[in-house]
Every structure is written in structure tokens, then in C-alpha cells.
Amino acid sequence: MGPCQGKLCHLNSIRVYAKETRMSEEDIGTTTARPPWTPVSMGLLAGRGHTPAKRTSMHHRSKDMGATIFWTGVWRRPHSYTQDTQAEAKAVHDSIGIIDVSTLGKILVKGPDAGAFLDRLYPNRFSDLKTGRIRYGILTTDGGRIFDDGTIARLSDDEYYVTTTSTGADGVFEWFEWWNAVWHMDVELANVTGQVAAVNVAGPNARRLMEKVCDVAVDNESFKYLDAKHAHIAGAPALVLRIGFVGELGYEIHFPSPFGEHVWDALFAAGAEWSATPFGLEPQRILRLEKQHILVGQDTDGESNPLEAAMSWIVKLDKDDFVGKWSIEHVQERGLQWMLVGFEMPNGRAPVEGGQVVVDGKSAGRVTSVRWSEQLQKTIGMAVVPIQFAEDGKTFDVKIDGTIEQAIVRTRPFFDPDGERLRS
Amino acid sequence: VSALDFLSTDRAVTDGGFAPVLKSSLERRQREAGAAFDERHGWLVPVSFPGEEAHLAAVGLVDLSHFGTIEVRGATEPVSEEGVLVSYRVRAGVDLVLCEPKDTFLVRSKLARRHAFVLDRTAGYATLAIVGPHAPDVLRRLTHLHELPASGPVAHVAAHVLERDGGYWIVFGQEYGHYLWEAAMDAAERFGGGPVGVDAIGGGAR
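Counted as a void, the second largest pocket has a volume near 1000 Å³. Residue lining of the second largest pocket: 37 residues in total, with Phe173 and Asn191 of chain A together with Arg121, Tyr125 and His160 of chain B positioned closest to the centre. Looking at the lining of the second largest pocket, the elements that each hand over two or more residues are helix 7 (169-183) and strand 8 (188-191) of chain A together with strand 5 (68-73), strand 6 (84-91), strand 7 (94-99), strand 10 (150-154), strand 11 (157-164) and strand 12 (167-173) of chain B. The leading source of residues in the lining of the second largest pocket is helix 7 of chain A, at five residues. Residue classes in the lining of the second largest pocket are distributed as 14 nonpolar, twelve polar and eleven charged.

Here we come to the sheet that holds strand 6 of chain B. One key point about sheets: their strands pair by backbone hydrogen bonds, in either a parallel or an antiparallel sense. All names here are of chain B. In spatial order, the strands read 6-7-5-8; together these four strands make up an open sheet with antiparallel pairing. At either end of the open sheet lies a strand with only one pairing partner, and these are strand 6 and strand 8 (117-120). For this sheet, the mean angle separating the axes of adjacent strands, direction not counted, is 20°. Running over the sheet, helix 3 (residues 104-114) touches strand 5, strand 6, strand 7 and strand 8 and is turned about 5° from strand 5.

Residue and element names in this part refer to chain B. Strands sit in the order 10-11-12-9-4-13 across an open sheet of six strands; the sheet is mixed. Each having just a single partner strand, strand 10 and strand 13 (194-195) make up the two edges of the open sheet. Sheet analysis places strand 9 (residues 125-131) next to strand 12, joined by six bridges and oriented antiparallel. Directly across from Ala129, in strand 12, lies its bridge partner Trp169.

Moving on, we get to the packing of aromatic side chains. All names here are of chain A. Enumeration according to the criterion identifies 15 aromatic pairs over all chains in this entry. Centre to centre, the rings of Tyr122 and Phe126 are 5.1 Å apart; their planes meet at 70°, and the pair counts as edge-to-face. Of the two residues, Tyr122 and Phe126, neither departs from the other in class, the shared state being buried. Geometrically, the ring pair formed by Tyr122 and Phe176 is edge-to-face, given 6.3 Å between the ring centres and 80° between the ring planes. One end of the pair, Tyr122, is in the loop between helix 6 (114-121) and strand 5 (134-140); the other, Phe176, is in helix 7, and 54 residues separate them in sequence. Just as Tyr122 is buried, Phe176 falls in that class too. If you follow Arg76 out to its NZ or CZ, it ends over the ring of Trp71, 4.6 Å from the centre. Its guanidinium or amino end placed over the ring of Phe223, Lys229 lies 5.7 Å from that ring's centre, counting from NZ or CZ.

Oppositely charged side chains are able to pair whenever their charged atoms sit close together. Applying the stated rule across the entire model yields 44 salt bridges over all chains. Between Asp170 of chain A and Lys54 of chain A there is a salt bridge, with the nearest N and O atoms lying 3.9 Å from each other. Of this pair, Asp170 of chain A sits in helix 7 while Lys54 of chain A sits in the loop between helix 3 (42-45) and helix 4 (59-64), and the two are 116 residues apart along the sequence. The partly exposed category is assigned to Asp170 of chain A, whose relative accessible area is 43%. Across the pair Arg108 of chain B and Asp120 of chain B runs a salt bridge, and its minimum N-O distance is 2.6 Å. Here Arg108 of chain B, found in helix 3, pairs with Asp120 of chain B, found in strand 8; they are twelve residues apart in sequence, far enough to count as distant. The exposure class assigned to Arg108 of chain B is buried, which follows from its relative accessible area of 8%.

All names here are of chain B. In this structure, Asp63 sits in strand 4 (residues 60-63). Despite being buried, Asp63 has no salt bridge partner; Arg31 is the closest side chain of opposite charge, sitting 11 Å away. Polar side-chain contacts of Asp63 include one of 2.6 Å to the side chain of Ser24. A polar contact of 2.5 Å, which involves the side chain of Asp63, links it to the side chain of Ser65. Here Asp63 is in contact with Ser24, Leu26, Gln30, Pro46, Thr127, Leu128 and Val198, once residues within four sequence places are set aside.

Residues and elements named next belong to chain A. Summarising burial for strand 2 (residues 75-80): five of the six residues are buried, a large majority. Pairing of strand 1 (residues 68-72) with strand 2 involves five bridges; the strand directions are antiparallel. Of the residues in strand 2, the one forming a bridge with Thr72 is Trp75. With antiparallel pairing between neighbouring strands as the criterion, strand 1 and strand 2 make up a hairpin whose turn holds two residues, including Gly73 at a positive phi of roughly 65°.

Of all the residues in helix 4 (residues 135-142) of chain B, the buried ones are Ala135, Val138, Leu139 and Leu142 of chain B. The buried residues of helix 4 of chain B occupy an angular sector of 100° when projected down its axis, which confines them to one face.

Another aspect to go through is the nonpolar core. Counting 53 residues, the largest nonpolar core has Ile98, Leu209, Ile233 and Leu267 of chain A as its most contacted members. The element best represented in this core is helix 9 (residues 260-271) of chain A, accounting for five residues. Apart from residues lying up to four places away in sequence, Ile233 of chain A is in contact with Met210, Val213, Cys214, Ala238, Val240, Ile253, Val263 and Leu267 of chain A. Core analysis: the next-biggest nonpolar cluster, separate from the first, contains 30 residues, Leu26, Val59, Leu145 and Ala155 of chain B among them.

With that settled, consider unusual backbone geometry. Leaving glycine out, the prevailing phi sign among residues is negative, and the prevailing peptide bond configuration is trans. Geometrically, the link from Leu148 of chain B to Pro149 of chain B is a cis peptide bond, its omega value of 0° lying close to zero. Counting through the fold element by element, Pro149 of chain B comes out in the loop between helix 4 and strand 10. Even without glycine at this site, Ala234 of chain A takes up a positive phi of about 50°. Mapping Ala234 of chain A onto the fold places it in the loop between strand 10 (228-233) and strand 11 (236-241).

Next up on the list: the packing of helix 4 of chain B against helix 5 (residues 177-189) of chain B. All names here are of chain B. Contact pair helix 4 / helix 5: the axes reach a minimum separation of 9 Å and the direction vectors enclose 130°. The orientation of helix 4 relative to helix 5 falls into the category oblique. Crossing of helix 4 over helix 5 shows right-handed handedness. Judged by residue contacts, Val138, Arg141 and Leu142 of helix 4 engage Ala183, Ala184, Ala187 and Ala188 from helix 5.

About the cut-offs
- Residues numbered from 1 in each chain as written.
- Chains lettered and ligands numbered in written order.
- Predicted model: local features only at pLDDT ≥ 70, side-chain atom pairs only at ≥ 80, totals over all residues.
- Heavy atoms only, no water.
- 1 Å grid on protein atoms, 1.4 Å probe; cavity = no way out; pocket = protein on both sides within 12 Å on 5 of 7 lines; lining within 4 Å.
- Points joined across faces, edges and corners; volume = space filled by probe spheres on them.
- Helix = DSSP H or I, 4+ residues; strand = E, 2+ residues; numbered from the N terminus.
- Nonpolar A, V, L, I, M, F, W, Y, C, P; charged D, E, K, R; others polar.
- Pairing = 2+ DSSP bridges.
- Axes fitted to C-alpha atoms, helices over the stretch in contact; angles between N-to-C directions.
- Contact = heavy atoms within 4.5 Å.
- Phe/Tyr/Trp six-rings, centres within 6.5 Å; stacked < 30°, edge-to-face > 60°.
- Buried < 20%, exposed > 50% of the residue type's maximum accessible area, 1.4 Å probe, protein only.
- Lys NZ or Arg CZ within 6 Å of the ring centre and 35° of its normal.
- Salt bridge = Lys/Arg side-chain N within 4 Å of Asp/Glu carboxyl O.
- Lys, Arg positive; Asp, Glu negative; His and termini not counted.
- Polar contact = N/O pair within 3.5 Å; in protein donor to acceptor, adjacent residues only side chain to side chain.
- Arc of directions from axis to C-beta.
- Core = buried A, V, L, I, M, F, W, Y, C linked by side-chain atoms within 4.5 Å.
- Parallel < 35°, antiparallel > 145°, perpendicular 65-115°, else oblique.
- Left-handed = near helix turned anticlockwise from the far one by under 90°.

Next comes the structure, spelled out in C-alpha cells:
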């Protein structure tokens, strides 16, 4: 019996059977199973069709600034603000870039068991995270496959603020609720994705801008990398996370969505003297690739596990248990066969994303991400390669328009490999 | 002060020369429709629209997103409190209450004294009121829900539909505001309806 439990195939089966046996459908009869019909009012069918779309509270400001909007899941998001996406990325490296990241999933986890609950869900630990600090986390399925990632900030003894990928928000929330129902832990969950807007202010001048709009100290001593602090941004209540997906000094500001335009306007007014520039999703993709920060679903697929996605450091197998632990242990026991690595193309040519990694003339892996980096003046990317190639400086072949080209493995971030700019 | 205070729209300050203004997710569409706005309790509120008297005689759409929306969990009985306009039991142990914007902080504080989990959801929900004689017709064009109050799809997005003063309040994720406004306007215009400011219905809490 399939997912429809016979409701769709039952009538067809009767007709096929009647035809084959030359019996009448009436003689065969039917069960009392009802088709999955739900009454729909005529009023609902009438009228112009509308496509449900989510928009952030800064959507219209972005359009006013010339953004090209495109679909990312059910969200409408700025792809870029100009034709020159490299210039938008360069603005982040040189001064200040501002991006609307309101689409990130945001989940509150509250209760005496909140830390223990997250410890069971993620391969790493959160019960020992200090209040006011942030830690990166990936989520794995029962099969030990990566299905989402994000940051977790501890707000108090029993309150955590979890971010997820934009497209994974609803799925992760359901995942949390499901496990909470299974484990019966003393935890309350709330999905505040739409309620909270978020903006990332990034670049070497980001701190100067923040000093003008933030009512708490933002110097490197008072507000360290991976700190989470409550503040007011241009008067709006906010949770500020010092994290850096795009590889530069950065502050991710989370605040109630209806303040979106006010905060957006205030940030650009304050940043005008440093030519603060809006940047879209495409420049963000260039910047994150320069840091080899993965995009779940782009650099991972349904078979990716943390060990072979170069994230063994995040897996704490000494924990009693977590979702996917058994499967990850199995990967460790069988030995690593693949690895997600960075690569650069010496001749500057760019393989397509999804293109083949070739060994001895046969497909042996895939390219997951590729971009030209104006900052680095080279074509960079990430690829899943056989484990024997996963060493810095080794070469592997990729196929570009039917011809074989050589790629050089880079296992460390292409840009600021020691994270000095992030921590500056 | 709770670690979750930053979620509440009424925690803004005007220090440093800043004047934070809250805007509903329907604001841009309303501005295009000629709305006149007034700042009330920190929100930019659409108080009137051209042609709203005629709309009100057919069916009017009123943005009440500035109303306080508070989620309460763990209550054994439906939540009641002074200042609460509407209390809706979403499911056992989960209640949603709406109140006038001026009362949001007070209602939230009172509820927090009696219940372990109280979350200010004002910033997360938009509320669209459908008022006037053709309100039932518009609602039927947007949803199959008819035993009210109820939760389910309204123009294909998750929403709560409440009855209020002979009309309906649709409470939905604010990120769908632009979209749902278009869908509701499309349905209302067929009956000669359109946008109506909050002052035309007595500030929204009539």
C-alpha cells in the first residue's frame, strides 16, 4: 500500500482488474475507502490566481534601491542591487556591506531541558555554551546526513536562540517539535522566523557604523567574535550576533520585523560616510565561498555526512547520544571515502556547478560550487572528491565543456584563512 | 527584563535622537492605495482611505496589525485577562490573545505573572479585518473555513480566522502581508469593497 492508502489507486485497480478478467466493475464492487476529497467552495475557485510569497520587512526598501528580486523557496529576495555583483562583494571587503538576512529560520528553545535538548539534536554540545555566546551547529538525520545548519546563541540559563537556513526553517522547526514530542523534555519551542527581521552589517568599517547606532559598546574587547548581546539599534530592540558568514568583521542584527524599514534606513544613513553598500544573495555566495563556508543543499546532498563534509571537528562522538550518532560512527568505522574540499582553477576556467570530477576517465565526484572571485583574482570552488585527493595542493580533474581541466585542492579558506579579519 | 524582550515592539527607546517607527507589512500597498497615516503607539497606522465610506457600505479591509498579539502556553482554561479583546484557543494549551496597542505591555505583563510561557507575537502576525455586509462573501472567496473561530489556509497561507463585530479578523504571518492584501483586495473589489482606515471603524476595536 502506498502513501495514498489505496485512495487514488483503488478505483483504477478495479478497472484494470475488470478489463483483464472481463468482469463488470459493479460485480467486483468496491470498498468504502473514500478518495481524498476535501470540499472546496466555489468562491475559492473563482477569481484571479495569486501565488503566496513571503517578503521581508525591508523588501520594498531593497526594491527602491534597485534590487533584482528572485524566488528563493517561498521568499522573494534580492539577488543583487546592481549588474556588478563583484563590486558589491568588493564593497564588503573594502568598507561596509549590508544584507537583509531576515529569511533565516529563527527558533526559540526555552525550558530547563533546553541545553540537553539541543545536545541530543546536534552532533556538538550546547549545554556547556556560556550565556551570551554563540556556537555553529549542523543538524543530522537519523542516518547521519547533514540536513541543515546555523548558529545557536545562549540567551540565558534556559533560553537559546537558534538560526537555521532560509529554506530549512519550517522543516527544522517540525524536526524539533517531533523530537520534543518523542523525548518528553521540559522544553517550549517557538518559530519566530517571520517575527524577527535580520540584517548583516559586514566589512572593515562595520564597527564604526555600529558605534553610531548601537547603545552598547562594540569594541573588540567588549563585544567579541561569537558574542550575542541585547542592544538597541537606532532605538529598536535587538539581539546582535557577532558572526561572519561573509568572512569580514560582521554584526548580525535581529529585531522585530515591523522595525525593518526604520533600521534599514538608519544603518544606511549612519554608514553613508563609509559608502555603505547593499549587497544581495549572489555577492554573498561569492564571499562565503572565499571562506569555504558551506551552503547546505548546495555543497551537501542527501548523502553528505559531517565527516566527509570536512566537519569532523564538530562531531562529538564522546556524547552519550545524538540524532545520527550511530550512522556517523558507522562512517568512521568503514573509513572515509569522499571529502568536500575547496579548489582553485589555475587557468581560470570555471566548471559548472554539478559538473563531474573525473578520475581515470570516469566520473568520481562532483563540483558543488564555483565562482570567480574578484578579490582573489581566481576561479574558486568546492567539490566532493575521492578521499585520496583531499590534501592541500593535490590536483584532480574536472570536465568543462567536454574537455578535462586540472583543479588544485585547497583545504583552508581562500580568504583570510586564519579568520583574523573576522576576529579583528 | 527577559532575554526575549527584544521580540516585543514596545521595547523601543528614543535615546540618541532615534525615533523608531513600526510599520505593518501591508503599509506599502496601503500607501499606494492613498492611505493617510498617523503615528499611534509607535506604529504608522492607516487611519483613512479615499472612498472608504463606499467601501464600508459593501466590504472593507482594515489593517489591525498594530494590535497586540500575545501567545500563552500551558493554560488549562481559555485565557482571560482585563484588556483582552479576543481570546482564541488555538489548541489545548496554546492560546492567542489580541488587545489594543496601548494595552499590549500591560496585558503581556499580567499574563506573564500567571503563565509560564508568554510570548509577544505582535511583530510576527498581521491582522486584517473584513467588515461590512459583504464580509462573508469575501471570506468565502479566501477560505473554506466556516465554523469560526478556526485555523487553516486562507488564500493558501496558514491563518487564524476570528469573528468580531459581525465581521472577521484574519490573523496570519506578517511576512505574507503584501500577498494576502492583494488576494483580499481582489476578492473585495468584486463586491465594490476596498480599503478602510481604522478611524472609520472606531479605531479598530469597536
